[in-house]
Amino acid sequence: MKGINGFGHAALKVKDLDASLAFYSGKLGFPEMLRLNKDDGSVWLVYLRITDDVYLEIFPGAENDRAPSWNANGVNHLCLMIDNLDTFCPEVEAKGVALTAQIKLGADGNRQAWIEDPDGNRIELMEMHPDCLQYRGLKRLREQGLLPA
């Protein structure tokens, strides 16, 4: 749709803000950009940088200990684009993040591995292949004149 120019952020409600920040900032390397506080001075949200155009909002105070199961309504998982899974996965594992699924070839032609955050939110780690289904789909849309060449 004309007027939409990107994906800005995902927002997660988390049980333990410190544990989530230790994971996302400490282990995945997303630096904290800013905090917004409630009127009483408590943290309302913390903004983390993934890229200059994509952010992650962390809201403390979740009512449950774990994210909904795989088949629950709502967001199913986050996907992080990774340059090289063969170097990234050992680095993140050395920081204490267990892979919940080892590196494999996905149905879309991309390599993937999976991790979870402290709240059980599923995170796909995806290394795009030059001939993956997504790139083929973009090529088809361009050929149909639905995207700029």
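Placed above this text is the structure.
Residues numbered from 1 in each chain as written. Predicted model: local features only at pLDDT ≥ 70, side-chain atom pairs only at ≥ 80, totals over all residues. Heavy atoms only, no water.

**Student:** Hey, could you run me through helix H1 (residues 17–27) in this one?
**Tutor:** A turn of α-helix holds 3.6 residues, and therefore any two residues three or four places apart point the same way. The complete set of buried residues in H1 reads Leu17, Ser20, Leu21, Phe23 and Tyr24. On an axial view of H1, the arc spanned by its buried residues comes to 160°, and they lie on one face. Two or three places before aspartate 18, at the start of H1, stands the capping residue aspartate 16, its side-chain oxygen 3.1 Å from that residue's backbone nitrogen. Immediately beyond the C-terminal end of H1, within one or two residues, lies glycine 29, with a positive phi of roughly 85°. (Buried < 20%, exposed > 50% of the residue type's maximum accessible area, 1.4 Å probe, protein only. Helix = DSSP H or I, 4+ residues; strand = E, 2+ residues; numbered from the N terminus. Arc of directions from axis to C-beta. Polar contact = N/O pair within 3.5 Å; in protein donor to acceptor, adjacent residues only side chain to side chain.)

**Student:** What am I meant to see in the packing of aromatic side chains here?
**Tutor:** For any pair of aromatic rings, the description rests on two quantities: the centre-to-centre distance and the angle between the ring planes. The final tally for this structure, using the stated rule, is five aromatic pairs. Ring geometry for tyrosine 24 against phenylalanine 30: centres 6.3 Å apart, planes inclined by 20°, an arrangement best described as stacked. Phenylalanine 30 shares its class with tyrosine 24; the two are buried. An aromatic cluster is built from Phe23, Tyr24 and Phe30, whose rings are joined through pairwise contacts. (Phe/Tyr/Trp six-rings, centres within 6.5 Å; stacked < 30°, edge-to-face > 60°.)

**Student:** Help me out: how do you make sense of the sheet that holds strand E3 (residues 43–49) in this one?
**Tutor:** Strand order in this open sheet of four strands is E1-E4-E3-E2, and the pairing throughout is mixed. Edge strands, defined here as strands with exactly one partner in the open sheet, are strand E1 (9–14) and strand E2 (32–37). Pairwise comparison of adjacent strand axes, ignoring direction, gives a mean angle of 20° for this sheet. Across five bridges, E2 lies against E3 in antiparallel orientation. Its bridge partner lying in E3, arginine 35 is registered against valine 46. (Pairing = 2+ DSSP bridges. Axes fitted to C-alpha atoms, helices over the stretch in contact; angles between N-to-C directions.)

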